[in-house]
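# Coordinate inspection notes
Each chain, written out:
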Amino acid sequence: MKILVTGGAGYIGSNLVDALISAGHEIFVVDNLSTGKIANVQHLLGHERFHFVNDTILNEPLMDRMIAQVDLVYHLAAVVGVKYVVEDPLNGINTNVTGTEVVLGKTYKYWKRTVIASSSEVYGKSTAVPLKEEDDRLFGPTTVARWSYAMAKAIDEHFAFAYTNKGLPVSIVRYFNSYGPRLDPKGYGSVIAKFITQARLGQPITVFDDGQQSRCFTYIDDTVRGTILTGTTPEAVGQLFNIGSNRETRIMDLAQMIRDLVGSDSKIVAVPYCNVFGENFEETRRRVPDVSRAAEILTFRAETRLEEGLKKTIAWFQQAWPRHKLAPGRSDLAGFFEPSEQIEP
Ligand code: UDP
């Protein structure tokens, strides 16, 4: 098939592209390299079944041409990561809402199957465990910038269902804390990448708050497999899926595990949220997906154990980012936030 992957130079996008190229497809990527990196697709440049366009999904004439010529669209381009969104909410809202509007407008025009990437952030601070796709969602006030990301992704989902209502074959994936090779070592949007870099540099590992908050970390191979199954399973059309592992890990335990696997002597320190995000910040304490729908309809289940996925991720970081490229003192990579106290469990 001819397949367009928007955001195909990003962390999830480029891993998805690799899997699709391996499966024999012809791949088109639109990515403006805002957080995506050319290094993620460097090995594919020149490949006869790979075509890369460095541009924004907001470029309507471009998207029109690209979508007209493909059979299937995976729409992953977005401003992602709570930190980026908190830093520049306007850019986040524009890209995440208008970008999806452009993509769906064109897939509707040319009647192309579409998979929309959404996020577990859409559940907000819902305390339901586990989170089912149709559960109520819970958000803080609009004065808290963090929630604009969830709102934008929720609007994307509403757009998708509005087009489903018109018969367009659309599916949605809600990713749960994906991690693996090609994460940004700065760790924006990924605590795992950040802890690995801190541990490798022997810097304090910055556990926010009491470290008892938890996430379900999902290895990239699982994230990609769930995405492809969503785009290829006929019964997935018109459906929304949690794509992730349902094994819950406390952030404090994660910090220890990464420190041990890296073989680091970093201290583990507690950092209050207000030191990082200011006073006006709200956090989601637990986020566990109900994975039964993906299991039933897609026959998908995350398979990679955390220890195994962390080992592969650390190995990739060591090869792609030798320590001298992560030199302490580089303010963009190291010494992320001022710790307040050392905590050891
Ligand atoms: N976190 C942390 N220290 C950090 C960065 C993140 O303790 O330096 C915690 C954060 O509070 C959250 C979890 O790790 O509970 C996951 O954060 P991430 O930014 O990876 O993803 P998200 O919050 O979007 O799930």
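This text gives an overview of the structure that appears in the document. (Residues numbered from 1 in each chain as written. Predicted model: local features only at pLDDT ≥ 70, side-chain atom pairs only at ≥ 80, totals over all residues. Heavy atoms only, no water.)

Another aspect to go through is the site of the ligand. Taken together, the neighbourhood of the ligand is formed by 15 residues, with V191, K194, T206, R215 and E283 sitting nearest. Q213 has a polar side-chain atom sitting 3.2 Å from an oxygen atom of the ligand. Between the ligand and the protein, one listed contact pairs an oxygen atom with a side-chain N or O atom of R287 at 2.8 Å. Protein contacts shield 89% of the accessible area of the ligand, which totals 520 Å² for the unbound molecule. Within the shell around the ligand, the residues separate by chemical class into 6 nonpolar, 5 polar and 4 charged. (Near = heavy atom within 4 Å. Polar contact = N/O pair within 3.5 Å; in protein donor to acceptor, adjacent residues only side chain to side chain. Areas by Shrake-Rupley, 256 points an atom, 1.4 Å probe, with all protein chains shown as cover. Nonpolar A, V, L, I, M, F, W, Y, C, P; charged D, E, K, R; others polar.)

Right, let's get into the environment of I228. Assignment of secondary structure puts I228 in helix α7 (residues 220-232). Sequence-wise, I228 and G244 are 16 residues apart; in three dimensions their C-alpha atoms are separated by 13 Å. Setting aside residues up to four positions removed in sequence, I228 forms contacts with L16, A19, L20 and Y74. (Helix = DSSP H or I, 4+ residues; strand = E, 2+ residues; numbered from the N terminus. Contact = heavy atoms within 4.5 Å.)

Turning next to unusual backbone geometry. Cis geometry marks the peptide bond from V129 to P130; its omega dihedral reads -10°. Relative to the helices and strands, P130 is located in the loop between β5 (113-119) and α5 (146-165). Non-glycine residue R182 carries a positive phi angle of around 85°. With respect to the helices and strands, R182 occurs in the loop between β7 (178-179) and α6 (191-201). Here R182 falls in the buried class, since its relative accessible area comes to 14%. (Buried < 20%, exposed > 50% of the residue type's maximum accessible area, 1.4 Å probe, protein only.)

Strand order in this open sheet of 7 strands is β3-β2-β1-β4-β5-β6-β11, and the pairing throughout is parallel. Among the strands making up the open sheet, the edge pair consists of β3 (50-53) and β11 (240-243). When the angles between neighbouring strand axes are averaged without regard to direction, this sheet yields 20°. As defined by bridge partners, strand β1 (residues 2-6) adjoins strand β2 (residues 26-30) across 5 bridges and the pair is classed as parallel. Pairing of I3 across the sheet is with I27, part of β2. Most of the contacts of α5 go to strand β6 (residues 170-175), to which it runs at about 160°, and overall it touches β5, β6 and β11. (Pairing = 2+ DSSP bridges. Axes fitted to C-alpha atoms, helices over the stretch in contact; angles between N-to-C directions.)

All told, the structure shown has 19 salt bridges when counted by the stated rule. R182 is paired through a salt bridge with D18; the nearest N and O atoms lie 2.7 Å apart. Of this pair, R182 sits in the loop between β7 and α6 while D18 sits in helix α1 (residues 11-22), and the two are 164 residues apart along the sequence. Here R182 and D18 have matching classes, each one buried. With a closest N to O distance of 2.6 Å, E121 and R287 form a salt bridge. In this pair, E121 is assigned in the loop between β5 and α5 and R287 in the loop between α9 (273-277) and α10 (292-298), connecting sequence segments 166 residues apart. Taking relative accessible area as the criterion, E121 reaches 4% and is therefore assigned buried. Beyond isolated ion pairs, a larger network of salt bridges with shared partners links E60, D64, K106 and K109. (Salt bridge = Lys/Arg side-chain N within 4 Å of Asp/Glu carboxyl O.)

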